[in-house]
Structure formats: C-alpha cells, structure tokens
Amino acid sequence: MSGMDRKAKGDRSKLDRRSFLARGAALSGALLLGGCDGPSSSPTVRKILASAEKLTEWAQRLVLPANALAPEFAKAEISPAFKANGSTNPRTPAYLKLARNDFKDWRLQVGGQVMRPLSFSLEELRAMPSRTQITRHDCVEGWSCIGEWTGVQLKHVLNRAGMKPNARYVVFYCADDLGGNGSLYYESIGMIDAYHPQTILAYEMNGEALTVPHGAPLRVRIERQLGYKMAKYIMRIEAVETLADINGGKGGFWEDRGYAWYAGI
Ligand SMILES: Nc1nc2c(c(=O)[nH]1)N[C@H]1C(S)=C(S)[C@@H](COP(=O)(O)O)O[C@H]1N2
Ligand SMILES: [Mo]
C-alpha cells in the first residue's frame, strides 16, 4: 500500500462525516445501477444536490479540516463511460488552431498577483511530479461518474510562480465560448482548495491523454466541489486579490448566472 493510499484510508473516518453533509447515500445507491447515472435521476438526488449547494463554505469548513480528502475509489469502480457535459467541442478559433496541431503550441499562462509570471508547455507539466486519483465527479444536474485523473498538483505550479501576499483566489480562464457571444468559461477557487493535495491540473483521464470532450489539453480537478468548478480547456491561470472586477464579478461562468461560488459536496 503506498503512502498516499494509507493516508486516504486514514481519512475515511473524517470522510464519513461527509454523508452528514448530504453527499452520499442516495448518490452511491444510484451509481450501483450503472456506469453513471443519467441527468434525469431521482428527485431525491436533485434535492440532496440542491441542499448541498446551498451549504456555505463556512459551514463546510466548520466540520471538515482544510486538508480533508475526498473519497478515492478502486480501479474496478471506474465508470465504463464517463459523461461529458457543458462544452464538449470548443469552436473558438484559438482553440481550433491549437487542437489542429495536437496542442503542441499550447502553453499554460500563469500570471496576476505572482512574483514570476510563467508559462508551461504540456511537456513541462508532464515532467513535474504527478498525482493519480480515482474520484467521483458530481454534477449539479444530478449525475455522477467515477474516473481516474492524472496531473500535476496545482500547488507545484503556483509555487513556481510564487504567490504575492495579496493573492486570495486562483482564476482559471478557458478556451470555450459557452455563453455564445465571447463569454468564455472561467472559474475560481480560494487558496485552501488551490493548495489541497487533490487539486490537480489533469492531462490524463483513465490512463489516456485527456480527450477534447473532457477538456483537452488541461482541466482542473477540485474534488471537494461540484463539477462546474472543474474548468476544462484551461488557457491561463491568474492569482487575484478580488473576483469583483472579473466578468460578472461572481467568480465563474455559472456563478455569474446564479450558481453558488463555493459548491461544496
Ligand atoms: N471550460 C469548461 N469547463 C467546464 C464546463 C464547460 O462547459 N466549459 N462544464 C462544467 C460542468 S457543469 C461539468 S459537470 C464538468 C463536466 O466535465 P466532463 O465533461 O469531463 O464530464 O465540466 C465543467 N467544466
Ligand atoms: Mo455540471
């Protein structure tokens, strides 16, 4: 058993309290029925997700330590088919150009309130220490899938750039125009989630290079929050002091349209 496995097991008791946060039973029950459960799942599941979404970050922090791990699963539990959702085939000229060349010219830009603005090629990210985790993705629409993700922990990338003391949030800017009129997808998280061990910039899913439907070339995994936080098609990461002056000011594409910024599960 690796050190990571032992740690995950050791955290099980803490994780049990997550069902108190209304995450678990109904969802995992539904999962037993098939690979992933469909978007039209039971009203109970919807209700559970709706109430979980209303939980404030403050309430979750009260019962969960900052570094509590989301549950990790065995290979045998990986969903046979992982649903793709939201944008699944970005059509912006910038993205199409990068995809045509298999993302060889793509670079992740890291800037904002950092000491050293940087950029990374996919190859450079792959050369950094990696983490692999099998986790459950819960979408606010009421479906869940289990998948294996491999990537570099976000904290390594942030540490290379060096956070300035006033950096409070990490913003992910994406290549897809989900809104349809130039309103590109974006998301943001606080520093506790940014430095969490399971927060990774994933370039592989189930042992293969990330496909376009799932966010190629790079998407973030933020395992203690709902699916819409996990930005796909990431082009740029920015450390900021405030979210108020970015797009609609609520910290994300869906947040600007009414969803909770802290989507704890
Ligand atoms: N760039 C981008 N990221 C995104 C979305 C999107 O439309 N665009 N949809 C979000 C939602 S609602 C979910 S559930 C997940 C879906 O990830 P998947 O397609 O790998 O299942 O991506 C999230 N990240
Ligand atoms: Mo979602």
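Thresholds applied
Residues numbered from 1 in each chain as written. Chains lettered and ligands numbered in written order. Predicted model: local features only at pLDDT ≥ 70, side-chain atom pairs only at ≥ 80, totals over all residues. Heavy atoms only, no water. Near = heavy atom within 4 Å. Polar contact = N/O pair within 3.5 Å; in protein donor to acceptor, adjacent residues only side chain to side chain. Areas by Shrake-Rupley, 256 points an atom, 1.4 Å probe, with all protein chains shown as cover. Core = buried A, V, L, I, M, F, W, Y, C linked by side-chain atoms within 4.5 Å. Buried < 20%, exposed > 50% of the residue type's maximum accessible area, 1.4 Å probe, protein only. Helix = DSSP H or I, 4+ residues; strand = E, 2+ residues; numbered from the N terminus. Contact = heavy atoms within 4.5 Å. Arc of directions from axis to C-beta. Pairing = 2+ DSSP bridges.

Undergrad: Where do I start with the site of ligand 1 in this structure?
TA: In the vicinity of ligand 1 lie 22 residues, with K83, S87, D176, H214 and K232 positioned nearest. A distance of 2.8 Å separates an oxygen atom of ligand 1 from a polar backbone atom of S87. Within the side chain of K232, a nitrogen or oxygen atom sits 2.6 Å from an oxygen atom of ligand 1. For ligand 1, whose free accessible area comes to 530 Å², the fraction covered by protein is 98%.

Undergrad: Just checking my understanding: could you explain the nonpolar core for this structure?
TA: Grouped burial of nonpolar side chains is what soluble globular proteins tend to show. In terms of nonpolar packing, the biggest core is built from 51 residues, with L108, L125, L154, F172, L201 and I237 touching the most fellow members. The element that contributes the greatest number of residues to this core is strand β7 (residues 200–205), accounting for five residues. Dropping the residues within four chain positions of it, L201 is found in contact with L108, T150, G151, V152, L154, V157, F172, L218, R219, V220, I234 and I237. One finds V171, Y173, Y186 and V240 within the second-largest nonpolar core, a separate group that totals seven residues.

Undergrad: Can you walk me through helix α8 (residues 154–161) in this structure?
TA: Because each turn of an α-helix spans 3.6 residues, side chains separated by three or four positions in sequence point in the same direction. Among the residues of α8, those classed as buried are L154, V157, L158 and A161. End-on view of α8: buried residues confined to an arc of 95 degrees, all on one side of the axis. G162 sits one or two positions beyond α8 and adopts a positive phi of about 75 degrees.

Undergrad: So what exactly am I meant to see when it comes to the pairing of strand β2 (residues 118–121) here?
TA: Along any regular strand, the residues point their side chains to alternate faces of the sheet. Sheet topology places strand β1 (residues 107–112) next to β2; four bridges connect them, and they run antiparallel. Directly across from R107, in β2, lies its bridge partner S121. Counting the residues in the hairpin turn of β1 and β2 gives five residues.

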